[in-house]
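Residues per chain, in single letters:
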Amino acid sequence: MPDYSEKVMDHFTNPRNIGEIGEADGTGEVGNPVCGDMMKFTIKVKDNRIEDVKYLTFGCGAAIAVSSMVSEMAKGKTLEEALQITNKQVAEELGGLPGNKMHCSNLGADALHKAIEDYMEKHGTKSASVS
Amino acid sequence: MPDYSEKVMDHFTNPRNIGEIGEADGTGEVGNPVCGDMMKFTIKVKDNRIEDVKYLTFGCGAAIAVSSMVSEMAKGKTLEEALQITNKQVAEELGGLPGNKMHCSNLGADALHKAIEDYMEKHGTKSASVS
Amino acid sequence: MKTINLDYSAASPLDKAVLEKMAPFFTEHYGNPSSGHSLGEIPRKAIVEAREQIGLLIGAEARDIILTASASESNNLAIKGLLAGGKKKGNHIISSAIEHFSILNQLKTLQKQGFKVTLLPVDSYGLVDPEDLRKAINEETSIISIQAANPEIGTVQPLEELAAVARESEVIFHTDATAAAGWLPLDVNKTGVDMLTLAGDQFFGPKGSASLFVRRGIRLAPQVEGGIQERGLRAGTENVPAIVGLGEAARLARETLAERSAKIAIVRDELKEKLLSEVPHLHLNGHPEKRLPRNLNISVEFVEGEALLMRLNMAGIMVSSGSSCTSQALKSSHVLAAIGLTPELAQGSLLFTLSSENNVDDIPYITEKLGSVAALLRNMSPLYHQFLKEAQINA
Amino acid sequence: MKTINLDYSAASPLDKAVLEKMAPFFTEHYGNPSSGHSLGEIPRKAIVEAREQIGLLIGAEARDIILTASASESNNLAIKGLLAGGKKKGNHIISSAIEHFSILNQLKTLQKQGFKVTLLPVDSYGLVDPEDLRKAINEETSIISIQAANPEIGTVQPLEELAAVARESEVIFHTDATAAAGWLPLDVNKTGVDMLTLAGDQFFGPKGSASLFVRRGIRLAPQVEGGIQERGLRAGTENVPAIVGLGEAARLARETLAERSAKIAIVRDELKEKLLSEVPHLHLNGHPEKRLPRNLNISVEFVEGEALLMRLNMAGIMVSSGSSCTSQALKSSHVLAAIGLTPELAQGSLLFTLSSENNVDDIPYITEKLGSVAALLRNMSPLYHQFLKEAQINA
Ligand SMILES: Cc1ncc(COP(=O)(O)O)c(C=O)c1O
Ligand SMILES: Cc1ncc(COP(=O)(O)O)c(C=O)c1O
């Protein structure tokens, strides 16, 4: 196995919040099969908070664990709080990622942000703070 | 040990005819310490025959065995016969020599021929057949 | 949990009989074969014998075998050594798009030095067309290097035909037979190759043991310069145990090759049939018949290789993949790209390489696990969900 | 007949404890460290550990250790790799006249490619003068390579001073420490060397195991190109048992170095004293104090080395010689020539390298045998007869 932390292995083995929200308030996709990782995040927003978040992921162990971790971190957060989540934080929460997995697989926060942006655009609240 | 034949090992271990004939009729020297082998042959000639032959050798196992073999081959031969002895024959008599020993160490016949030449010169019988 | 290794080309256990043959050379007959005293004798003779056995495996004479420490080293010696030391015709090199990196990466370096490199394409099975080779040769072509078989998709090249084309044009032909040696019959004279690379660890010999056959008359410049071991072509104190092990592995391979290869191919074929018929959306990579007996390469649609590999690993099944995440260089397989596989299928490729340790009894378990793992990962795959939607629309 | 090996630098038995540590990696933990599945884990960790141990032996960090298959390979990677891949200052290389052929022969090749090579002379003990080095450096000097100790005459160089001179001029300094590592304390930071070669078989590790320390920031071009093992600096599937063995040998060497070296030096000194005092016309080669603890080099006047070696071999005593007949290249030692030895003394040189297996009890036998063998061969030596005649005349 790659040198994954126990936390990564846990999220890979038991990924949380898998799926696609049927009538999502926001959708965000990153990656493509060429680079090896794809993530599609869908969110349900209520009162400016992420009420629900789901994802579909095509990718390596790290990509799956990252998706799962991001979904856990995002749930219940305000949109502004969720936009503060960085890929780096996600990696830290996972107890670190192998160096060569930091770039292509660690895109969960980006996908989440895209979903939030999508929501904001649709609702005319696109914020300048989107990273 | 180098890949020496049994015959080489026998002549190396029990070299025949070592020494220097005190009042030699002919003396022949070949080689030098740079190349690693030196041989000095001295002969006693009687009735155009090699009555006695001795040598001193500084050199490797092959050089010593070659000297010893040449001395055996030469003893009792007429000068003309002895001049026919070639380095190649000596190697063959010894059951062959390793390839890398064929050049520098296999000079016994040359030394013998020089001793015979020396004798012939001293006795004014230098022959055209000297190789 | 039982471990089922299906990744023997990555590494195989050393054959116990080979290790036994090597054992005395570690501590008892430890001498240096170049020594002038008797401690060198047994090691020296052992190397002579090993060299003969290596030669016999490929129909070559012992004295034309250069011992090295890896297939990579042999490949580097063959090409860079020839171009630096041989009588070059010119600055043109021909190889194929699906060579191992120990060929391709030196070609990149040589290109920077001014050499022109033609990489022949392959068809969707991974075959090089001898006609393509014929067309690529020009007056400047100094060397052609085409593998005997591909370690990843298993495809076996028409070596004899390719070598014949090279010979017509009097161009030196090297083959990297690392994946083929020990598994397919090879004869340097029948096939007419001029140089051939093989490595012991691919057929149950020791790691760190390899060789390069070099046809008499071909001049190479040593790449490791120093002492005059290996006729001055490869310096360094001989690794006697490794060489002895390579010799013994070569002997065993030669003596059992036909039987061993046939037996393993039966298991491999059964595995292939079972997987393809029972797990949906699988895709066979490489040639259906012209392939290494122990090799099976399958793409699992809609999912990524490392995730598959990890899930299978959790079920005790060891495989490898051509996905970018499983490669150290983080690039998906250039071989799968060359046969025209989509990036998605390349990412989902699984490589199975079997050994005599594998048997048909394990196939139901492997099939079941691959099926459930694929289903599980597809369930979270955006590509699979998209496929389902499109299927619904089309229906 | 008892065998007394006094030629341990040619080859040493693998330490049994080292072999034990290696053993599981042949058949049990045989995995490829690059594998994505669990068979790669133990081998991967074992390599990490081994690399640490190798680093510790020379005061280096694990990640700066590049694993290779021989000292020759490390030396070739250091010099050719730097000149092909590094930021060269220019086309000038400095080395010494008494380097191993794995240095000297690449320098010859580099010379043909246009590099200028300065080989520093040595004094009659084999020492390089740091002042000579200082004078030889110019703005074009890209690399300096000077051995830590000479394997033949045992002389230990003033490494720290030499490296300091290099550093003043900001020239990269490589040292071939093959003969020194495991026997002398070495610290790449204290001495300030930038690259260092060592090989496991010189301190009871396995054959085919070696390394190159490369200081961070120095860029090398790989000489074996292919996969990205060893950070892309040396391709090829890792030879895990050999690497594990090198690590363990390094650990044992570090832990016992002072004691082992001191003990062996005592036996060596005793042997030296006995031989020089009891056998006439012997000549010590190399430095009387600044020398490798296990090394003794003596010329036996008036006789040739191979003959000596064979006669001693018949008495069960194994040594080597710098004579032309005992060298594979049929040239007498360039080292002995560089210290100014006459051709005759070079031909009669005997190299003794000891190990813990040797003890003082054998010294009387060795002395007696060397005495009788020398006498026997002198009796048939034209040089000795000449010497006797001249002595008579002078008397
Ligand atoms: C100082 C030195 N450097 C390099 C080497 C080359 O070692 P190898 O033949 O194992 O490559 C030796 C071998 O004895 C040596 O003594
Ligand atoms: C076809 C082929 N060539 C060369 C190599 C390189 O082998 P190594 O890494 O042992 O040098 C491999 C390795 O798997 C291979 O499959």
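Reading guide: rules and limits
Each chain has its residues counted from 1, following the order in which its sequence is written. Chains carry letters from A onward and ligands carry numbers from 1 onward, assigned in written order. Two thresholds apply to this predicted model, a pLDDT of at least 70 for residue-level local features and 80 or more for giving and counting side-chain atom pairs, whereas whole-chain, interface and lining totals are computed over all residues. Side-chain measures were taken over the full set of non-hydrogen atoms in the model, leaving aside hydrogen atoms and water. The contact criterion used is simple: two residues touch if any of their non-hydrogen atoms lie within 4.5 Å. As a working definition, buried area equals the accessible area (1.4 Å probe) given up by two parts on being put together, with both sides summed. Just to be clear on terms, a salt bridge is a Lys or Arg side-chain nitrogen sitting within 4 Å of an Asp or Glu carboxyl oxygen. For the purposes of these results, a polar contact is taken to be a pair of N or O atoms within 3.5 Å, where, inside protein, one atom must be able to donate a hydrogen and its partner to accept one; residues adjacent in sequence count only when each atom of the pair is a side-chain atom. Labels follow the DSSP assignment, with helices taken as runs of H or I lasting at least four residues and strands as runs of E lasting at least two, numbered in each case from the N terminus. For this classification, Asp, Glu, Lys and Arg are treated as charged, while Ala, Val, Leu, Ile, Met, Phe, Trp, Tyr, Cys and Pro are nonpolar and the rest, including Gly, are polar. Classification of residues uses two cut-offs on accessible area relative to the type maximum, computed with a 1.4 Å probe and protein chains only: under 20% is buried, over 50% is exposed, and between them is partly exposed. Neither His nor the chain termini are counted; the positive set is Lys and Arg, and the negative set is Asp and Glu. A least-squares fit on C-alpha atoms brings the copies together, and the residues used are those whose pLDDT is at least 70 in both copies. Only a single heavy atom is needed: when it lies within 4 Å of a molecule or strand, its residue is near that molecule or strand. In these tables, accessible area is a Shrake-Rupley quantity obtained with a 1.4 Å probe, and a residue counts as shielded only by the protein chains included in the view. All domain edges in this entry derive from an automatic or database-based domain assignment. At least two bridges found by DSSP between two strands are what make those strands a pair. A fitted line through C-alpha atoms serves as each axis, taken over the contacting stretch for helices, and the angle formed by two N-to-C directions is quoted from 0 to 180°. Think of it this way: a Phe, Tyr or Trp ring, Trp meaning its six-membered ring, pairs with another when their centres are within 6.5 Å, and the plane angle makes it stacked under 30 degrees, edge-to-face over 60, tilted otherwise. For a lysine, the NZ atom is tested; for an arginine, the CZ atom; a charge sits over a ring if that atom is within 6 Å of the ring centre and within 35 degrees of the ring normal.

### As for the interface of chain A and chain C
So, step 1. On the side of chain C, 23 residues touch chain A, which itself brings 27 residues to the contact.
So, step 2. Buried surface at the junction of chain A and chain C, summed over both partners, amounts to about 2,100 Å²; 71% is from carbon and sulfur atoms.
So, step 3. The interface formed by chain A and chain C includes 2 salt bridges.
So, step 4. Between Lys389 of chain C and Glu20 of chain A there is a salt bridge; the shortest N-O distance is 3.5 Å.
So, step 5. At the surface where chain A touches chain C, the tally comes to 12 residue pairs in polar contact (both at pLDDT 80 or more).

### Details of the interface of chain D and chain C
The figure often quoted for interface size is the accessible area lost as the parts come together.
So, step 1. If you look at the interface, chain D gives 58 residues, while chain C gives 58 residues.
So, step 2. For the chain D and chain C pair, buried surface summed over both sides reaches about 4,300 Å², with 58% attributable to carbon and sulfur atoms.
So, step 3. Remark: the boundary between chain D and chain C carries 2 salt bridges.
So, step 4. Notably, a salt bridge pairs Glu225 of chain C with Lys80 of chain D, separated by 2.8 Å at the nearest N-O pair.
So, step 5. Linking chain D with chain C are 22 residue pairs in polar contact (both at pLDDT 80 or more), by the criterion used here.
So, step 6. Elements represented by at least two residues in the side of chain D that touches chain C include exactly helix H1 (16-22), helix H2 (24-27), helix H4 (71-85), helix H5 (101-112), helix H9 (240-278) and helix H10 (305-314) of chain D.
So, step 7. In terms of residues, the side of chain D that touches chain C owes the most to one element, H5 of chain D, which gives 5 residues.
So, step 8. For the side of chain D that touches chain C, the residue count by class is 22 nonpolar, 27 polar and 9 charged.

### Remarks on the pattern of salt bridges
So, step 1. Here the structure, examined in full by the defined rule, presents 50 salt bridges over all chains.
So, step 2. With a shortest N-O distance of 2.8 Å, Arg16 of chain B and Asp10 of chain B are connected by a salt bridge.
So, step 3. The exposure class of Arg16 of chain B is partly exposed, given its relative accessible area of 23%.
So, step 4. In this structure, Glu61 of chain D and Arg216 of chain D form a salt bridge, with 3.5 Å as the shortest nitrogen-oxygen distance. Of this pair, Glu61 of chain D sits in the loop between helix H3 (41-57) and strand S2 (65-68) while Arg216 of chain D sits in the loop between strand S8 (210-214) and H9; the two residues are 155 residues apart in sequence, bridging distant segments of the chain.

### Considering the side chain of Gln229 of chain C
Residue and element names in this part refer to chain C.
So, step 1. Tracing the backbone through its elements, the reader meets Gln229 in the loop between strand S8 (210-214) and helix H9 (240-278).
So, step 2. At 3.1 Å, the side chain of Gln229 forms a polar contact with the backbone nitrogen of Gly236.
So, step 3. Ignoring sequence-local partners within four residues, the contact set of Gln229 consists of Arg234, Ala235, Gly236, Thr237 and Glu238.

### Here we look at the arrangement of the chains
So, step 1. Counting contacts across all 5 pairs of chains that touch, the top-ranked interface belongs to chains C and D.
So, step 2. Nothing in chain A touches chain B; the tightest C-alpha to C-alpha distance between them is still 51 Å.

### A short note on the side chain of Glu304 of chain D
So, step 1. The topology assignment puts Glu304 of chain D in the loop between strand S10 (295-300) and H10.
So, step 2. Look at Glu304 of chain D: it is buried, it has no salt bridge, and the nearest opposite charge is Lys101 of chain B at 6.3 Å.
So, step 3. What Glu304 of chain D contacts, discounting residues up to four positions off in sequence, is Gly36, Phe58, Gly59 and Cys60 of chain B together with Ser323, Cys325, Gln347 and Gly348 of chain D.

### Some thoughts on the relation of the copies chain D and chain C
So, step 1. Screw-axis analysis of chain D against chain C gives a translation of 0.0 Å along the axis, an RMSD of 0.0 Å, and a rotation angle of 180°. The two molecules are tied by a two-fold rotation axis, judged by turn and shift. The rotation axis passes nearest to the C-alpha of Ala69 of chain D in chain D, at a distance of 3.3 Å.
So, step 2. Looking at the interface residues of chain D, 100% of them are also at the interface in chain C, so both copies use one shared face.

### Here's the deal with the site of ligand 2
So, step 1. In the vicinity of ligand 2, the contacting residues are Ser70, Ala71, Ser72, Asn75, His100, Ser102, Pro151, Asp176 and Thr178 of chain C together with Gly236 and Thr237 of chain D.
So, step 2. Near ligand 2, residues from chains C and D are present, making the site a shared one.
So, step 3. Ser72 of chain C places a side-chain nitrogen or oxygen 2.6 Å from an oxygen atom of ligand 2.
So, step 4. Take Thr237 of chain D: an N or O atom from its main chain is 2.7 Å from an oxygen atom of ligand 2.
So, step 5. Considering ligand 2 on its own, with 390 Å² of exposed area, one finds that the protein chains cover 90% of that surface.
So, step 6. With 3 residues, the top contributor of residues to the shell around ligand 2 is helix H4 (residues 71-85) of chain C.
So, step 7. Split into classes, the residues belonging to the shell around ligand 2 amount to 2 nonpolar, 8 polar and 1 charged.

### A short note on the domain arrangement of chain C
Residue and element names in this part refer to chain C.
So, step 1. Along its sequence, chain C is carved into domain 1 (4-9 + 256-394) and domain 2 (16-254).
So, step 2. Summarising the inter-unit geometry, the C-alpha centres of domain 1 and domain 2 are found 30 Å apart.
So, step 3. Each partner contributes to the interface: domain 1 provides 26 residues, whereas domain 2 provides 32 residues.
So, step 4. Both sides together, the interface formed by domain 1 and domain 2 hides about 2,400 Å², and carbon and sulfur atoms give 59% of it.
So, step 5. Looking at the side of domain 1 that touches domain 2, the elements that each hand over two or more residues are H9, strand S10 (295-300) and helix H11 (334-338).
So, step 6. Here the side of domain 1 that touches domain 2 gets 5 residues from one element, more than from any other, and that element is H9.

### A word on the sheet that holds S10 of chain D
All names here are of chain D.
So, step 1. Pairing is antiparallel in the open sheet, where 3 strands are placed in the order S9-S10-S12. Of all strands in the sheet, those with a lone pairing partner are strand S9 (282-285) and strand S12 (349-353), marking the two edges. Across this sheet, the average inter-strand angle for adjacent strands is 30°, counted without regard to direction.
So, step 2. Two strands pair when backbone bridges link them, and S9 and S10 are joined in this way by 4 bridges, in the antiparallel orientation. By the bridge assignment, Leu282 is partnered in S10 with Val300.
So, step 3. Packing of helix H13 (residues 363-379) onto the sheet brings it into contact with S9, S10 and S12, and relative to S10 it is tilted by some 30°.

### Let's talk about the environment of Arg291 of chain D
All names here are of chain D.
So, step 1. Position of Arg291 relative to the elements: it lies in the loop between S9 and S10.
So, step 2. Judged by relative accessible area, which is 7%, Arg291 ranks as buried.
So, step 3. Separated by 26 residues in the primary sequence, Arg291 and Ala265 place their C-alpha atoms 9.7 Å from one another.
So, step 4. Reaching out from Arg291, the side chain makes a polar contact with the backbone oxygen of His287 at a distance of 3.1 Å.
So, step 5. Among the polar contacts made by the side chain of Arg291, one reaches the side chain of Asn295 at a distance of 2.5 Å.

### Re the packing of aromatic side chains
So, step 1. A complete count under the given rule lists 11 aromatic pairs over all chains for this structure.
So, step 2. With a centroid separation of 5.6 Å and an interplanar angle of 35°, the aromatic rings of Phe41 of chain A and Tyr55 of chain A are classed as tilted. With a gap of 14 residues between them, Phe41 of chain A in strand S2 (residues 37-46) and Tyr55 of chain A in strand S3 (residues 49-58) connect regions that are remote in the sequence.
So, step 3. A residue is classified by how much of its surface remains accessible, and Tyr55 of chain A, at 0% relative accessible area, is buried.
So, step 4. Each residue in the set Phe302, Tyr384 and Phe387 of chain C is aromatic and connected to the rest through ring pairs, giving one cluster.
So, step 5. Lying over the aromatic face of Phe12 of chain A, Arg311 of chain C brings its terminal NZ or CZ to 5.1 Å of the ring centre.

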